Amino acid sequence: MAPVRTTTIGCGYLGATHAACMAELGYDVLGVEVDPDKLAMLREGRAPVYEAGLDEMLARHVASGRLRFTDSYEEAGAFGEIHFLCLGTPQRSDGLGADTSQVEYAVRTLAPHLTGSPLVVGKSTVPVGTAARMAALLTELTPSGVEAELAWNPEFLREAHGVDDTLRPDRLVFGVRSDAAEKRLREFYAPVIDLGVNGATPVVVTDYATAELVKVTANSFLATKISFINAVAEVCEVAGADVVALADAIGYDDRIGRKMLGAGVGFGGGCLPKDLRAFQHRAGELGVEDVMSLLGEVDAINAHQRERTVQIAKGMLGRSLRGARIAVWGAAFKPGTDDVRDSPALAIAGQLHLRGAQVTVFDPKAGRTARAAYPTMSYAEGAVEACRDADLVLHMTEWPEFREVDVDRVTEVVAHRRLLDGRNVLDLQAWRNAGWTARGLGRL
Ligand code: UDX
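Since the model is a prediction, treat every value here as computed from it, not as a measurement. (Residues numbered from 1 in each chain as written. Predicted model: local features only at pLDDT ≥ 70, side-chain atom pairs only at ≥ 80, totals over all residues.)

Is there a simple way to think about the site of the ligand in this case?
In the neighbourhood of the ligand, 19 residues make up the surrounding shell, with Glu159, Gly262, Phe267, Gly269 and Cys271 lying closest. Here the shell around the ligand takes three residues from helix α10 (residues 208-239), the largest share from any one element. Split into classes, the residues belonging to the shell around the ligand amount to ten nonpolar, six polar and three charged. The residue makeup of the shell around the ligand includes at least three contributed by each of domain 1 (5-206) and domain 2 (225-440). (Near = placed C-beta within 6 Å. Helix = DSSP H or I, 4+ residues; strand = E, 2+ residues; numbered from the N terminus. Nonpolar A, V, L, I, M, F, W, Y, C, P; charged D, E, K, R; others polar. Domains from an automatic or database assignment.)

See below:
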């Protein structure tokens, strides 16, 4: 039997990863990307973002011909039996809800070109109610004689783990309106279901609204864990306690779990902050804003971590920020990616820079994207070099390079031995032994 022909509409981070992984599973994949620069990269088998393992997988399947890319919706409509919508839903310019215009544009453009009995599967993170709207659009715009159906299948992949999370997810969620759509998704994802980490991957079959809400609820819950532990970290500081030991201790309780209890400078990236705000905004539109006011607190605690870090840096310097030399280790919003969207590291570096400090940033992978976002700061080519003549070193993104750095070499180049570990993963004692004033956040 010929492999299922599938398309991935939108080949940014999510789409490129999904397309490569579906080719890996043996499907015949056509990716649709309208940005000419991204399209050119993808056609050469290169990922539009840095992601471990993705370039290699893309290149392999582009070379074999199992994975192709186009900017033509017409070609996609003629080719695909199952179409995945992987478009971005960025925060709207008013700062509140998510902008679903790319998803809507894709449905409007694809629908008139659909052929056969296609299944259109939304993967983007959208405000609840979007899938029902897209289903109506699809019915309206699909040519007569074509039986198209919509399903919603949210994606939970983490940057830096995208390939693994796609091929071995914790669970699959199918928001469907018919048994036929469920059956097609089960068949399509059968290799993923079989690959489950602990036996078969669980599948939750539900309606559109629940499927849409699962994604924003999961991300909001993860964000809540982080802000909760960050709030506790401040209590630890004034009480003389250690938030890392505390998180270890509560994390042993299965009902709590240790993951997402890393206290530090807070969360960033393209998902957690945006989804939190969009969820709260959507709850307001639905008339239940008050019950989700908790999410506003989560966001506020997160924003506070950044200002708090700036103030701690100032306190450690014991002088005004103007003219102080500060080395910032890390620019990406987390290790393993070159993504600097809403990155705490860069936001803090940017604030210090704005307030007159001479900031030098080093990130093993995100130097290029950081420069594009904050062109007026200085950038170094290595962790030690960034610290030359520094009055203070800030560890902001926990790349392994920083944990493994040679403390003696850093000690030789700095002007003053002061270190703030904004991720609570460095061996502070080793730094203190070398004569440094070293502290974390929530552990003095
Ligand atoms: C997140 C969700 O984890 C994923 O399921 C969803 O599909 C997309 O959003 P991602 O944004 O890639 O994934 O990053 P994640 O690993 O969740 O980290 C988010 C932010 O939280 C990062 O800035 C990270 O540094 C921070 N974080 C994470 C903490 O501050 N403490 C922690 O303990 C964990």
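Still to come is the rest of the account.
What's the story with the UniProt feature "domain: UDP-glucose/GDP-mannose dehydrogenase C-terminal" (unreviewed entry) in the protein in this structure? I'm lost.
As annotated by UniProt and renumbered to match this structure, "domain: UDP-glucose/GDP-mannose dehydrogenase C-terminal" (unreviewed entry) occupies residues 327-428. Helix makes up 33% of residues 327-428 and strand makes up 18%, while its end C-alpha atoms are separated by 17 Å. (UniProt positions renumbered as here; feature names shortened; annotations may be inferred.)

How should I be thinking about the domain arrangement of the protein in this particular structure?
Note: interface size is frequently given as the accessible area lost on complex formation between the parts. Domain annotation for the protein reports domain 1 (5-206) and domain 2 (225-440). Each of domain 1 and domain 2 has a C-alpha centre, and these two points are 33 Å apart. Counting from both sides, the interface comprises 14 residues of domain 1 and, opposite them, 14 residues of domain 2. Grouping the amino acids of the side of domain 1 that touches domain 2 by side-chain chemistry returns nine nonpolar, three polar and two charged. (Contact = placed C-beta atoms within 7 Å.)

When you look at the sheet that holds strand β13 (residues 418-421) in this model, what are you seeing that I'm missing?
Note: strands within a sheet are paired through backbone hydrogen bonds, in either parallel or antiparallel orientation. If you walk across this open sheet you meet the six strands as β11-β10-β9-β12-β13-β14, and the pairing is parallel. Bordering the open sheet on either side are β11 (378-379) and β14 (437-440), each of which pairs with just one other strand. Sheet analysis places strand β12 (residues 392-395) next to β13, joined by three bridges and oriented parallel. Directly across from leucine 394, in β13, lies its bridge partner leucine 420. (Pairing = 2+ DSSP bridges.)

It is not clear to me how the pairing of strand β6 (residues 149-152) should be interpreted in this structure. Could you clarify?
Remember that side chains alternate between the two faces of the sheet whenever the strand is regular. For strand β5 (residues 119-122) and β6, the ladder comprises four bridges, and the chain directions are parallel. Residue pairing for β6: leucine 119 is matched across the bridge by glutamate 149. For the segment spanning β5, helix α6 (residues 130-141) and β6, crossover handedness is right-handed. (Right-handed = clockwise from strand over helix to strand, strands pointing away.)

Honestly, α10 in this entry has me stumped. Any pointers?
Residues spaced three or four apart along an α-helix point in a common direction, a consequence of the helix completing one turn every 3.6 residues. Compared with the 46 Å implied by 1.5 Å per residue over 32 residues, the 47 Å span of α10 between its first and last C-alpha is a close match. With its phi angle positive at about 75 degrees, glycine 240 sits one or two positions after the end of α10. (Expected span 1.5 Å × (residues − 1).)

Whenever I open this one, the packing of α10 against helix α11 (residues 243-251) confuses me. Can you help?
The relative placement of two packed helices is expressed as an angle between their axes plus a distance between the axes. Between α10 and α11, whose axes approach to 9 Å, the crossing angle comes to 130 degrees. Our classification of the angle between α10 and α11 gives oblique. The element α10 and its partner α11 pack so that their crossing is right-handed. Taking contact as the criterion, the partners of Ile229, Val232, Ala233 and Cys236 in α10 are, on α11, Val243, Leu246 and Ala247. (Axes fitted to C-alpha atoms, helices over the stretch in contact; angles between N-to-C directions. Parallel < 35°, antiparallel > 145°, perpendicular 65-115°, else oblique. Left-handed = near helix turned anticlockwise from the far one by under 90°.)

Would you explain the nonpolar core in this entry?
It is characteristic of soluble globular proteins that their nonpolar side chains tend to be buried jointly. With 125 residues, the main nonpolar core has Ile326, Val328, Trp329 and Leu394 as its most contacted residues. Counting only domains with at least three residues in this core, you end up with domain 1 (5-206) and domain 2 (225-440). When neighbours within four sequence positions are excluded, valine 328 is seen to be in contact with Ala345, Ala349, Val359, Val361, Leu394 and Met396. (Core = buried A, V, L, I, M, F, W, Y, C linked by C-beta atoms within 7 Å. Buried ≥ 20, exposed ≤ 12 C-beta atoms within 10 Å, placed from the backbone.)

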